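# Overview (structure and organization)
Listed here are the chains, written in short residue letters.
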Amino acid sequence: MADDDDFQSSSDLEGADCYFSDQDDVLEETVLQVLEDGHEEDCHWSVSSVITKESLLAAQKEDLRKVMDLLALREQHARTLLIHYRWDVERIFELLEQKGKERLFSEAGVTIIQHKGLDLSNSSNPVECNVCFENVSRSTVTEMDCGHYYCNDCWTEHFIVRINEGQSRRIRCIAPKCNAVCDEAVVRNLVSARHPDIADRFDRFLLESYIEDNNKVKWCPSAPHCGNAIRVEGDIYCEVECACGLQFCFSCLSQAHSPCSCLMWELWTKKCQDESETVNWITVNTKPCPKCHKPVEKNGGCNLVACICGQAFCWLCGGATGRDHTWSSISGHSCGRFKEDQEKRTERARRDLYRYMHYHNRYKAHTDSLKQESNLKETIQGKISISENKESKIKDYAWVTNGLNRLFRSRRVLSYSYPFAFYMFGDELFKDEMTTEERDLKQNLFEDQQQQLESNVEKLSMFLEKDFQDFSDDEVMDTMSHVINLSNVVDRLCKQMYQCIENDLLYPLQRATHNIAPYKSKGLERASELSICSDSDQSMSVKTNPEDSYTQRNSTANGSGATLPGRHSVILHGSSSDESGCSSRKRARTDALGGAARFDLNMPAEVVDKN
């Protein structure tokens, strides 16, 4: 059959992994093992955990304790240091060796003075405040760690102004050119005496600084907000799933959009939402009236057109004219001179419009197909129930669910590959970074892989839609072999596409601004809730020192999905190995997750919300 011929040609892409013998029992076991095998090691990893409102304080205290223990600091100084370095404990440890303690503290605004300059024990003599120039009692004067002292009223007003300005997390000393950050306990005590509500806001800002000022922690963008935050250790260019079920890009907080980079997806969504393409159509198909400047569309063959305002003008040049004309000319008007710039602009606008329509139509077609295929879940569950209850030698239908999951993921990858191609091979982002020959060569390479993936995704969709509950055992086995084989094929084609994007397309270019989240064969694991045990040496922190990080990554390099030490079970989004031989920028993508595949990864947003 034609379908079988096409199927065999797609199987040739994978060699022995896609060959099937006549022994059906061995067939299913072997191919499923291939689907679960993580033999290709991924050279980047990330760990995600959910921080709830209850665990936020514990997570912050854990990082504070590390810095306090290592540097022998008080809590406010450790917090100031962490806020300045965006709660990156490892970064602080690295800079401590490079810069030394004194420089590390001074840059962060941490000032520790052993002997203060003002003796507050002698309260008989008043002190002049250098802000209000009033003589005040020593008991109403506060001195900061930097040695500067002012009256409590001036300090309080200074603190209130800074809190209202949104600078609660780093309130600096009043003294000019003083970089010291004020003691948070002093701020809290002075402000609460006059405005308790502002003091509460100050405490809330300090607590939320763990998320607001932390590159590794971000709020879940769900609406309405679930109140959770996600912490990621490792590569922050990843896609995560919150405990509420929302899946999003951790880097830009928009919906999961790989293989598009965050910048590409931002430009694409803006292009699809605004009226830029409507403007392009108007530019190509209409011309402005020289009197009222409204766009006018030509609906006849004569080049003398009239606007609804009554103004007649020449369609060729857009110049205002009278209404007298013949078949060959307009009375008193001549525009036979060639104007190259105008013609080029019109042709360029027309070409850009057609190019956008090409990619947008295919993107929307696959997005619509994904929405339609999402309805297959309930239908297939019904078919499986019927098949399991009838008399048959086949009782295990996990291959149907696995194939459906692969269909959703590969369909979503395919749909987002068109916005990627639109910007990758256009002039908007990489105009000056590739010659025409290089662009054509890379585009042909990418489109070949895209077409192969598209062809096999459609075949997989066709086999999954069959009414296998009415088939005989032989027909079910034949359908199973096709579904398992095509699931393997589309998974490997997705991996190859990601490798092509990273190694052949983005790596030679401005890679820093176009990182993409890795492809995950088994989908996104839902992040587990962060649980910190403060009384144990094995804290729930994902990375406590470089040796721990090395051990964690090597413990999961074989794809076993093992959990880290301690009570906190976290989710590994990848694995790392020193034996893989690939660099941090050019790497081969492979999933190393354990456990069952996730159905929700590539479901439409509205379906995910319902679930």
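Use the structure listed above.
### Digging into the packing of helix 7 (residues 152-164) against helix 8 (residues 184-194)
Running from amino to carboxyl end, helix 7 crosses helix 8 at an angle of 95 degrees, the nearest separation of the two axes being 9 Å. It follows from the interaxial angle that helix 7 and helix 8 lie roughly perpendicular. Contacts between helix 7 and helix 8 involve Asn152, Asp153, Trp155, Thr156, Glu157, Phe159, Ile160 and Ile163 from the former and Val186, Val187, Leu190, Val191 and Arg194 from the latter. Within the contact of helix 7 with helix 8, the residues separate by chemical class into 8 nonpolar, 2 polar and 3 charged.

### Quick word on the pattern of salt bridges
Evaluated as defined, the whole model comprises 27 salt bridges. With its nearest N and O atoms 2.5 Å apart, the salt bridge here joins Glu373 to Arg411. One end of the pair, Glu373, is in helix 12 (residues 340-373); the other, Arg411, is in helix 14 (residues 398-424), with 38 residues separating them in the sequence. On the accessibility criterion, Glu373 (4% relative accessible area) is buried. We note a salt bridge from Glu458 to Arg411, for which the minimum N-O separation is 2.8 Å.

### Points about the packing of aromatic side chains
Taken as a whole, this structure holds 19 aromatic pairs when the rule is applied. With centroids separated by 5.6 Å and ring planes inclined at 25 degrees, the aromatic side chains of Trp155 and Phe159 adopt a geometry described as stacked. With Trp155 and Phe159 both in helix 7, this residue pair falls 4 residues apart, about one helical turn. Given the relative accessible area of 0%, Trp155 is considered buried. On the basis of an interplanar angle of 55 degrees and a centroid distance of 5.9 Å, the ring pair of Trp399 and Phe468 is categorised as tilted. Taken as a pair, Trp399 in helix 14 and Phe468 in the loop between helix 15 (436-464) and helix 16 (473-506) lie far apart in primary sequence, 69 residues in all. Judged by its relative accessible area of 2%, Trp399 falls in the buried class. According to the relative accessible area criterion, Phe468 is buried, its value standing at 2%.

### Looking at the sheet that holds strand 13 (residues 312-314)
Reading across the sheet, the 3 strands line up as 12-13-14 and stay open at both edges, with antiparallel pairing between neighbours. Lying at the two open borders of the sheet, with one neighbouring strand each, are strand 12 (304-306) and strand 14 (320-321). Strand direction decides the pairing type here: strand 12 and strand 13, joined by 3 bridges, are antiparallel. Among the inter-strand pairings, Leu304 is bridged to a residue of strand 13, identified as Cys314.

### Thoughts on the pairing of strand 1 (residues 46-51)
In terms of burial, strand 1 is a largely internal element, 6 of the 6 residues being buried. Across the two faces of strand 1 the burial is the same, with Ser46, Ser48 and Val50 and Val47, Ser49 and Ile51 all buried. Sheet topology note: the strand 1/strand 7 (residues 229-234) ladder contains 6 bridges and is antiparallel. Residue pairing in the sheet places Ser46 in a bridge with Gly234 of strand 7. Pairing geometry for strand 1 and strand 15 (residues 528-529), over 2 bridges, is parallel. When the bridges of strand 15 are listed, Val50 appears paired with Glu529.

Parameters and conventions
Residues numbered from 1 in each chain as written. Predicted model: local features only at pLDDT ≥ 70, side-chain atom pairs only at ≥ 80, totals over all residues. Heavy atoms only, no water. Axes fitted to C-alpha atoms, helices over the stretch in contact; angles between N-to-C directions. Helix = DSSP H or I, 4+ residues; strand = E, 2+ residues; numbered from the N terminus. Parallel < 35°, antiparallel > 145°, perpendicular 65-115°, else oblique. Contact = heavy atoms within 4.5 Å. Nonpolar A, V, L, I, M, F, W, Y, C, P; charged D, E, K, R; others polar. Salt bridge = Lys/Arg side-chain N within 4 Å of Asp/Glu carboxyl O. Buried < 20%, exposed > 50% of the residue type's maximum accessible area, 1.4 Å probe, protein only. Phe/Tyr/Trp six-rings, centres within 6.5 Å; stacked < 30°, edge-to-face > 60°. Pairing = 2+ DSSP bridges.

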